[in-house]
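Analysis of the macromolecular model
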Amino acid sequence: MTLPETFKIVYPAKEKGGIARIEEVPLVLPGVNQVLVKIEFAPLNPSDLITMGDHGYFFDRNPYPCGHEGSGTVVAVGQNLKNPFKVGDRVHVAELGTYGQYVLAETEYISPILGDLSFEEAASHYINPATVYMFGQKLDEGKHKAAIHTVGASAIGRMMIRYFKEKGVKLINIVRREELVEEVKKEGADYVLNSSAPDFDKTLKELAEKENATISFDAIGNEFTNRVLSAQPNGSICYVYGVLEGLELQKISIMELFKGKSVSALLIFPYVDELKKKGVLTQYFNDVHKHLPTAFKSNILKVFPVSELKEALEYFNAHPSQGKVLLKPN
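Residues numbered from 1 in each chain as written. Predicted model: local features only at pLDDT ≥ 70, side-chain atom pairs only at ≥ 80, totals over all residues. Heavy atoms only, no water.

So, on to the overall build of the chain. For the chain, the helix and strand inventory stands at 11 helices and 15 strands. Dimensions of the chain, computed from the C-alpha atoms along their principal axes, are close to 65 × 40 × 35 Å. Buried residues in the chain amount to 53% of all 330 residues. Within the chain, counting contacts between residues at least 6 apart in sequence, those at least 24 apart form 67% of the total. For the chain, the exposed surface amounts to about 15,100 Å²; the carbon and sulfur share of it is 52%. For the chain, the distance from the average position of its 37 positive side-chain charges to the average position of its 41 negative side-chain charges is 3 Å. (Helix = DSSP H or I, 4+ residues; strand = E, 2+ residues; numbered from the N terminus. Buried < 20%, exposed > 50% of the residue type's maximum accessible area, 1.4 Å probe, protein only. Contact = heavy atoms within 4.5 Å. Areas by Shrake-Rupley, 256 points an atom, 1.4 Å probe, with all protein chains shown as cover. Lys, Arg positive; Asp, Glu negative; His and termini not counted. Charge placed at Lys NZ, Arg CZ, Asp CG, Glu CD.)

Here you go:
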């Protein structure tokens, strides 16, 4: 296969409030423990929108390429591969730059697409599925029997409903609008609460105590984290993994901390890097991907070519929680 000398890739906006840009850069061939993947599809995620804007400090690569995950085909391999791949292999990719036509990745960050999963279905394999699986490991570590999740109608929320049910863990799901309550219940949710209801805080506390929801996962932040923590039983923990209401926590009550409760950040990126250092990342991804046809299945809403990035972002923002929007770089 003849490879091009250059390829197109998306980089973040250069200025605050700007739009991510498409640039043409030289194609670099793989070196030690690297493979080159031609990207077929890559999903838009909230975390991608954050890092496409003003928050590049999440990564030490500057400028860093956009896109955290995708699917594609191996088109070149380097030397001394830690995991065996060959040209033509269909793979998942968990590496920065998947909004580009090609991605250079170490072999621990790619994995084979299992069975007859399509490239479209295989694209959303990391950000949401691996995060939900990480949540499941936190459940097991703490022997928690019930949990709270603050964005129950999201794609990750729907995965959590299915996966936690498989694990026999009760999940209290929070949504922001009344019309989402019945929609999320249809996913098989145990409980769904509307955070704008006047009795929300009282009902959440009653349910958290009834089910002993000693762990929570919050993607909102700001003052909402403390509302969740206040509802949980003594000795609980709240993991913050998103920043939908800004990058700061507000009004965390010291009285709640005196009750043995705690707040901790939990992000998939450093978690995965730590698994790689321990030499267990490949097995982790293999375990995650077994669930892609079932609990971690994603609903594909629409596909845009990367050349229509602006339109894709507008569509993504206009259709929250309705399914995955995919980019097609090639």
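Further notes follow.
Per the stated rule, a full pass over the model turns up one cavity of 30 Å³ or more. Considering only enclosed or pocket space, the largest cavity measures out at about 40 Å³ in volume. For the largest cavity, the full set of lining residues is Leu117, Glu121, Ser124, Leu292, Phe296, Lys297 and Ser298. Considering only residue class, the lining of the largest cavity consists of three nonpolar, two polar and two charged. (1 Å grid on protein atoms, 1.4 Å probe; cavity = no way out; pocket = protein on both sides within 12 Å on 5 of 7 lines; lining within 4 Å. Points joined across faces, edges and corners; volume = space filled by probe spheres on them. Nonpolar A, V, L, I, M, F, W, Y, C, P; charged D, E, K, R; others polar.)

The angle between the axes and the distance between the axes are what describe a pair of packed helices. Direction vectors running N to C along helix H3 (residues 127–142) and helix H4 (residues 155–167) enclose 40 degrees, while the axes themselves pass 10 Å from each other. In terms of orientation, H3 and H4 fall into the oblique class. For the element pair H3 and H4, the recorded crossing hand is right-handed. Contacts between H3 and H4 pair Asn128, Pro129, Thr131, Val132, Tyr133, Phe135, Gly136, Leu139 and Asp140 from the former with Ala155, Ile156, Met159, Met160, Tyr163, Phe164 and Lys167 from the latter. Among the residues making up the contact of H3 with H4, the classes are represented as 11 nonpolar, three polar and two charged. (Axes fitted to C-alpha atoms, helices over the stretch in contact; angles between N-to-C directions. Parallel < 35°, antiparallel > 145°, perpendicular 65-115°, else oblique. Left-handed = near helix turned anticlockwise from the far one by under 90°.)

Glancing now at helix H11 (residues 309–318). For H11, the set of buried residues is Leu309, Ala312, Leu313 and Phe316. Take H11 and look down its axis: the buried residues cluster within an arc of 100 degrees, on one side only. Against strand S1 (6–11), helix H1 (46–52), strand S14 (300–305) and strand S15 (324–328) lie the buried residues of H11. (Arc of directions from axis to C-beta.)

Time to look at the pairing of strand S3 (residues 34–43). Burial of S3 is extensive: eight of the 10 residues sit out of reach of the surface. With five bridges connecting them, S3 and strand S6 (residues 102–106) associate as antiparallel partners. Within the sheet, the bridge partner assigned to Lys38 lies in S6 and is Tyr102. As paired elements, S3 and strand S4 (residues 70–77) share six bridges and run antiparallel to each other. Counterpart to Val37 in the pairing with S4 is Val74. Alignment of S3 against S15, held across two bridges, turns out to be antiparallel. Each residue of the ladder has a partner; that of Ala42, found in S15, is Leu327. (Pairing = 2+ DSSP bridges.)

Here the focus is unusual backbone geometry. For Asn80, which is not glycine, the phi torsion reads 50 degrees and is therefore positive. Relative to the elements of secondary structure, Asn80 occurs in the loop between S4 and strand S5 (90–93). In this structure, Asn222 takes a positive phi of about 55 degrees despite not being glycine. With respect to the element layout, Asn222 can be found in the loop between strand S11 (215–218) and helix H7 (224–231).

Turning our attention to a nonpolar patch on the surface. Together, Ile254, Met255, Leu257 and Phe258 make up an exposed nonpolar region whose accessible area comes to about 450 Å². Following the sequence through the fold, Leu257 ends up in helix H8 (residues 254–258). (Patch = residues over 30% accessible without salt bridge, like charges linked within 9 Å, V, L, I, M, F, W, Y side chains within 5 Å. Salt bridge = Lys/Arg side-chain N within 4 Å of Asp/Glu carboxyl O.)

Counting across every chain of the model gives 14 aromatic pairs. Relative to Phe285, the ring of Tyr284 has its centre 6.4 Å away and its plane inclined at 65 degrees; by these criteria the two rings are edge-to-face. Note on accessibility: Tyr284 and Phe285 belong to one class, buried. Here the aromatic residues Tyr126, Tyr133, Tyr163, Phe269, Tyr271, Tyr284, Phe285 and Phe296 are joined through ring pairs into a cluster of three or more. Over the ring of Tyr315 we find Lys302; its NZ or CZ atom is 4.9 Å from the centre of that ring. The ring of Phe41 carries Lys328 above its face, with NZ or CZ at 4.5 Å from the centroid. (Phe/Tyr/Trp six-rings, centres within 6.5 Å; stacked < 30°, edge-to-face > 60°. Lys NZ or Arg CZ within 6 Å of the ring centre and 35° of its normal.)

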